[in-house]
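# An overview of the molecular structure
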Amino acid sequence: MLGACVTLERVTAPLLLGNHAVNPPVVLAPMAGITNVAFRRLCREQGGGVYVCEMITTRALVERIPKTLKMIAFAEDEGFRSLQLYGVDPDVTAAAVRMVGEDNLADHIDLNFGCPVPKVTRRGGGSALPWRRKLFARIVSQAVAAAKPYGIPLTIKMRKGIDEDHLTYVEAGLAAQEAGVAAVALHARTAEQRYSGKADWDAIATLKQALDVPVLGNGDIWEGSDALRMVEHTGVDGVVVGRGCLGRPWLFADLEAAFTQGASYQPVLPTLGEVAKIMSRHAQLLVEALEDEKHGCADYRKHVAWYLKGFPVGSELRRSLAMISSLTELDDLLAKLDPSIPFPADALGQPRGRVNAPGKVTLPHGWLDSRDDDTVPEGAETDESGG
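The rules we used
Residues numbered from 1 in each chain as written. Predicted model: local features only at pLDDT ≥ 70, side-chain atom pairs only at ≥ 80, totals over all residues. Heavy atoms only, no water. UniProt positions renumbered as here; feature names shortened; annotations may be inferred. Helix = DSSP H or I, 4+ residues; strand = E, 2+ residues; numbered from the N terminus. Rg over C-alpha atoms; globule rule 2.2 N^0.38 Å. Buried < 20%, exposed > 50% of the residue type's maximum accessible area, 1.4 Å probe, protein only. Areas by Shrake-Rupley, 256 points an atom, 1.4 Å probe, with all protein chains shown as cover. Lys, Arg positive; Asp, Glu negative; His and termini not counted. Charge placed at Lys NZ, Arg CZ, Asp CG, Glu CD. 1 Å grid on protein atoms, 1.4 Å probe; cavity = no way out; pocket = protein on both sides within 12 Å on 5 of 7 lines; lining within 4 Å. Contact = heavy atoms within 4.5 Å. Points joined across faces, edges and corners; volume = space filled by probe spheres on them. Nonpolar A, V, L, I, M, F, W, Y, C, P; charged D, E, K, R; others polar.

The name an unreviewed UniProt entry gives the chain is tRNA-dihydrouridine synthase, with Actinoplanes lutulentus as the organism. Its UniProt record gives the chain the following Cofactor (unreviewed entry) comment, quoted word for word: "FMN". Under the Function (unreviewed entry) heading, UniProt states for the chain: "Catalyzes the synthesis of 5,6-dihydrouridine (D), a modified base found in the D-loop of most tRNAs, via the reduction of the C5-C6 double bond in target uridines."

### What about the overall build of the chain?
Secondary structure summary: the chain contains 15 helices and eleven strands in total. On C-alpha atoms alone, the chain measures out to a radius of gyration of 20 Å, which is about the 21 Å that the 2.2 N^0.38 rule sets for 387 residues. Seen through its C-alpha atoms, the chain measures out along the principal axes to roughly 60 × 50 × 40 Å. Out of the 387 residues in the chain, the part that is buried amounts to 56%. In the structure as shown, the chain presents an accessible area of about 15900 Å², 50% of it carried by carbon and sulfur atoms. Averaged over its 41 positive side-chain charges, the chain has a centre that lies 3 Å from the centre of its 49 negative ones.

### A word on the UniProt feature "binding site: FMN" (unreviewed entry) in the chain
In the numbering used here, UniProt assigns the "binding site: FMN" (unreviewed entry) feature to P30, M31, A32, Q84, K157, H187, G242 and R243. Narrowing the list just given to those that line the largest cavity leaves P30, Q84 and K157. Here P30 is to be found in the loop between β3 (26-28) and α1 (37-44). Residues in contact with P30, not counting those within four places in the same chain, are T35, V52, C53, E54, M55 and Q84. Relative to the helices and strands, M31 resides in the loop between β3 and α1. Once residues within four sequence positions are removed from consideration, M31 is found in contact with E54, G242, R243, C245 and L246.

### Some points on empty space enclosed by the protein
Counted by the stated rule, this structure contains two cavities of 30 Å³ or more. Looking at the largest cavity, it is lined by 16 residues, and the ones nearest its centre are V27, H108, D110, T155 and L216. Looking at the lining of the largest cavity, the elements that each hand over two or more residues are β7 (108-113), β8 (154-159) and β9 (183-187). In terms of residue class, the lining of the largest cavity is made up of eleven nonpolar, three polar and two charged.

Structure (structure tokens):
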């Protein structure tokens, strides 16, 4: 039953990334247009973990594209700065990693091999790349070597494979381990699945059994109880959370309580009044981060539907909240909500954010013909960060 106690014999120990202990062992996955400095701070105020900024392309970083440099801004109180890099060229990736070290831009680097978006896979990147095992191994090996002089732990995040006929996750995990990564995260879906269906937690268990380095599980973590079930089912060393925290940054408080309390854990769900306070806080942080009230409010609008999912709030008020242009207007509208309304139980355990149908993976011409071709596809690198 959703939200019920979960029997757990073992609550995971802190996750070690280099010299940094992550406790609880929870990672916020990078999400385009979501995991900016404001959202990360909002989540950090709820509980501990690693909070990764939006995906940064290696070429954009090396070329110092202004938009990209703004995206990797971290708050002064972010004690463990984490960024995810996406690249297809081993040399450009290594150069980007060296730049992170030389310019002291972050304390942790994750490499993206999990993105299923067509504009990424058609270049041979993201979840398409591990199929070309020699190219994958070169990228990871050169990145680890570039990070080593600066003491930066490097991890990877990947999917099961392109589709069920082209699975790569165990082989790629072993190659990454041999290259010297600090941990491996698996989103237990194929690229073809995108964000549909159920995550294959058995695949996470298989990867955990195959590797000696820490393994993190990603997929269908909607509640703290889901994280405990994943740990018990797979034996993973930690969890990665993406869509589950959309409109629910308090999920990180829930996760911290789950990992701390183990079998005695019971979720504490916010009332609509408490949600309204978090909504106001989120907008304020966005305005501060963007240094512009108009732009901050515009960026905030997409979050309204996620925050109010399942609550009995009228359509007119929902529309007004999703069109705010000032913090004063937002607070005036939030004051119209009934603060005593409890959190909707039927919204627990339900998917949030993108829920799409499976789709054929767009790949470079001839991509599946040879697994050992380590040629970088023409035009593979992009200067557009964020996914």
